[in-house]
Amino acid sequence: MSTRKPQRALISVYDKTGLVDFARALVDEFGIEIISTGGTAKLLTEAKIPVTLVEEVTGSPELLGGRVKTLHPKIHAAILADRDNPEHMRQLDEQGIKPIDMVVVNLYPFEKTVADPNCTFEQAIEMIDIGGVTLLRAAAKNHKHVIVVPWSDGYYDLILGRLRSTVTGGEPCGLKEDSFNAFWATCSYDSIVASWLSRSDDDESPDFHAVRMWRTQHLRYGENPHQSADHLLIYDTEEWRHDLAVGSLDSLSFNNCVDASAALELCAELTLAFGAGKRRPEIGSQEARHGAVWHRFSTGEQCGTGFQPVKLDNPSSSLQRVDDERHTRRNLPHIQTPGKTYFVTFRVKGDQKLSPNERQIVLQACRFWDGKKIHLHACVIMPDHVHLLFAPQEVKGGQWVSLSEILHSIKRYSAREINKLRGRTGPLWLDECFDRIVRNEREFCEKADYIADNPIKEGLVDAEPYEWWWDEEAHRLGIGAESENRQQHKHRLKTGATQEGATQEGATQEGATQERGAQGLSYCCTFTKHTNACGVGVGADRVGAYRRAYLGDPNAAMGGILACDFNVQSEFAEAVMNTYTRWGKEAGSRGFFVEVWIAPSFDEAALQLIRSSKNWGKRVQLLDARNLLEAPASPNELQYRSVAGGMLVQTPDVVGLNEGDWKVATTREPTDAEMDDLRLAWLVCKHTKSNAISICKDGMLIGNGAGQASRVMSCRIATWLANDNGHADQLAGAVAASDAFFPFRDGPDLLVDAGVTAIIQPGGSKRDQDVIDACNERAVAMVLTGTRHFKH
């Protein structure tokens, strides 16, 4: 690796965010000569930064309307020459070519261009980058001697830090990781172009699919000890999908990961239906706002995404820790500088105005990334503009999410959904945006106050309630103290005195003064074994919900995956750890432990209690799932599954309690209590392997018939499990759900014989009327949902 001081840098970028400061530092601090092209050169010249035009180096003007700028031997020989090869250097001298030691390039935004429904084929073709890709590949190949910078914001500070370190005797600049990042950028770019070109005119789905995945961990083994396994993250252009951990998975097995994923999906859906997510306003509901404001001032904790092994302060702890060293081996794409908070404004294009419902769409798009890619401190969605105050999060091992990536994702998603509502196409947002780095606490307070005052100044504050989130950090910073309107509004929300009684608990941290039961909400706990629920409980208090889940099937719960949708405090942790003595013995269980415990967070007292336990401290794996209370999976995500000779791909099953499509098919309607249990049974059944029959009573799963080849056998297993686990009395008046239609009346007859009084199923069989008649004969209520939930 060369330690030669960089003398010349070629800079040619489309996204010019942060470029001026970077280029000025290269010139002023290190005396580097800058070579540049077109718009990049113009920007730097206007900023009084000396620039040598590429034309001056090559002796050739730009050709073909800009298609040919840097494709010239005097550029690429200068990049590709091996400085340790005398023959290479002799040829450069002979041709009068000076080496280029740094290449700074980001590529044309092809994906953003083709995402515009008004984009023509010709416009798309012109946005296929040729010269940039070639420059990156050349520099990446010769990374031993050339510094390659394949992204803009974030990477610039990283490179400057390395250069400064080199000056003081630190590590040389050319790194293999930079080479990887450059090839990752070109590989990703080429796959997007190829995928777009493979689409036929009448089919939105491309023939060519490129699935980019990142290995985060080598697991102990696969489903069985003789199988090897890795944990991979699927990367797409919208997000890193942290469906599983962003940390050390050393102690988790392949089966743990599979079961934990199933547990999280079920618990998250139950939370949206019954728990903290229940009061989240839906788009178009009466709770839609005229102006949407959101605050959540952080006390500095790092939000997790998907599953994250709990970090412990005590290095000697037997619980999982994040292995930082492992995650510094290689840089990830979209690096961001640590510690930066941004105030960003972007505007609606033209004279368009966002309606209240449309502003809610934008708000959901902004909040979606909170805890995944950013820490969102505050935002306001106004009729013609958006203000955001946020800090990008660490993706992995000191790497940070880029500002442009976040803004592009928010704009793209919200524009697509709003255009659907409007029944139109075309751009919604201006490409330009204003962004400012917040440098201190004073500026932070000023920007947060500005966001909070925005709707007041526009006269929207008294129209309808906004979404506000306040915590002790807001009080400490004194934000909002000068505004009487905001103080009164904050008080109404903190005391629950809002219109429609909407407290918006769905995205707050646990530990609020009011229990969910007082708000008509429930806590949710689930036990999962081999991807199927073996215990589910919902209730107005945490221990009550857990007790229901455990007693559903105490034997199956042992060694399973426990998921809770609330912060785990010491009192609850103690109850779980004493499960066997409190309930297990009486239920006939032979012992109890859990392999994995999932929750949005674990407080320090609970961690200390678990950590100090001889039986639990080394055995249980604790996983943070702080996005458990957030929105469900996007309907546009793709799910992949291996089959012989290839893969299947589908969108996720995001249909839940779509009660607007439900209808009662029988003479008798379900009672209110039956209807509550039918909702629970329907969601449990959705997350159970087909053929699935789930029986519930009083907020509790009492029998789950999973994965049988015949539906009637699933009915037999569900009723047998209910009886075997001591729920014979509860079967009287219980409800049952079926993931698909009943082909004959034998299944319902068997359920009703056991005591079931209400059934929910999709319907759609040729013999639906026979099944309905069978229910009417015995005064059993039946609800048809019209939606099947096969799960294989």
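Remember, predicted model here, so these are calculated numbers, not experimental data.

The subject of this paragraph is unusual backbone geometry. Here the amide bond leading from Ser690 into Asn691 is cis, since omega sits at -10°, within 30 degrees of zero. Its location among the elements puts Asn691 in the loop between α22 (672–686) and β24 (693–696). The backbone of His530 sits at a positive phi, close to 50°, despite the residue not being glycine. One can find His530 in the loop between β16 (523–529) and β17 (532–539). Exposure remark for His530: the relative accessible area of 63% places this residue in the exposed category. Positive phi, normally seen in glycine, also occurs at Thr531, with a value near 70°. Along the chain, Thr531 falls in the loop between β16 and β17. Taking relative accessible area as the criterion, Thr531 reaches 14% and is therefore assigned buried.

Per-residue pLDDT for the protein chain has a mean of 77; in total, 77% of the residues score no lower than 70. Overall, residues 279–308 carries pLDDT values under 50, and its contacts beyond four positions in sequence, including any with other chains, amount to 136 contacts. For residues 311–338, every residue scores under 50 in pLDDT, and the model assigns this stretch 98 contacts once sequence neighbours within four places are set aside.

Their axes nearest at 8 Å, the elements helix α8 (residues 131–141) and helix α10 (residues 176–197) cross at an angle of 150°. Classified by the angle between their axes, α8 and α10 sit roughly antiparallel to one another. In this structure, the crossing between α8 and α10 has a hand that is left-handed. Along its contact with α8, which presents Val133, Leu136, Arg137, Ala140 and Lys141, the element α10 presents Ser179, Ala182, Phe183, Thr186 and Tyr189. Within the contact of α8 with α10, the residues separate by chemical class into six nonpolar, two polar and two charged.

Ranked by internal contacts, the top residues of the largest apolar core, which has 54 residues, are Phe527, Tyr546 and Trp597. Broken down by element, the residue count for this core peaks at five residues, all from helix α17 (residues 542–552). Core analysis: the next-biggest nonpolar cluster, separate from the first, contains 31 residues, Ala78, Leu92, Met127 and Val146 among them.

We now examine the sheet that holds strand β4 (residues 102–106). Pairing is parallel in the open sheet, where five strands are placed in the order β3-β2-β1-β4-β5. Each edge of the open sheet is held by one strand with a lone partner, namely β3 (52–53) and β5 (147–149). The sheet strands contacting helix α1 (residues 19–30) are β1 (8–13), β2 (33–36) and β4, and the helix crosses β1 at an angle near 170°.

What follows covers helix α5 (residues 86–95). At the N-terminal end of α5, a side-chain oxygen is found 2.9 Å from the backbone nitrogen of Glu87, two or three residues along, and the residue is Asn85. Downstream of α5 by one or two residues, Gly96 has phi in the positive range, about 70°.

Its place among the elements puts Glu62 in the loop between α3 (54–58) and α4 (73–80). Along the primary structure Glu62 and Gly38 are separated by 24 residues, whereas in three dimensions their C-alpha atoms are 8.9 Å apart. The residues touching Glu62, leaving out its near neighbours within four places in the chain, are Thr37, Gly38, Glu55, Val68 and Lys69.

Before going further, it helps to examine the side chain of Thr688. One can find Thr688 in the loop between α22 and β24. Reaching out from Thr688, the side chain makes a polar contact with the side chain of Asn704 at a distance of 3.2 Å. Setting aside residues up to four positions removed in sequence, Thr688 forms contacts with Asn532, Ser694, Asn704, Gly705, Ala706 and Lys791.

What the rule picks out here adds up to 23 salt bridges. Two residues, Arg162 and Asp178, come together in a salt bridge whose shortest N-O distance is 2.5 Å. With a gap of 16 residues between them, Arg162 in helix α9 (residues 155–167) and Asp178 in helix α10 connect regions that are remote in the sequence. Of the two residues, Arg162 and Asp178, neither departs from the other in class, the shared state being buried. Ionic contacts of the salt-bridge type, sharing partners, join the residues Glu87, Arg90 and Glu94 into one network.

Calculation criteria
Residues numbered from 1 in each chain as written. Predicted model: local features only at pLDDT ≥ 70, side-chain atom pairs only at ≥ 80, totals over all residues. Heavy atoms only, no water. Helix = DSSP H or I, 4+ residues; strand = E, 2+ residues; numbered from the N terminus. Buried < 20%, exposed > 50% of the residue type's maximum accessible area, 1.4 Å probe, protein only. pLDDT = per-residue confidence, 0-100. Contact = heavy atoms within 4.5 Å. Axes fitted to C-alpha atoms, helices over the stretch in contact; angles between N-to-C directions. Parallel < 35°, antiparallel > 145°, perpendicular 65-115°, else oblique. Left-handed = near helix turned anticlockwise from the far one by under 90°. Nonpolar A, V, L, I, M, F, W, Y, C, P; charged D, E, K, R; others polar. Core = buried A, V, L, I, M, F, W, Y, C linked by side-chain atoms within 4.5 Å. Pairing = 2+ DSSP bridges. Polar contact = N/O pair within 3.5 Å; in protein donor to acceptor, adjacent residues only side chain to side chain. Salt bridge = Lys/Arg side-chain N within 4 Å of Asp/Glu carboxyl O.

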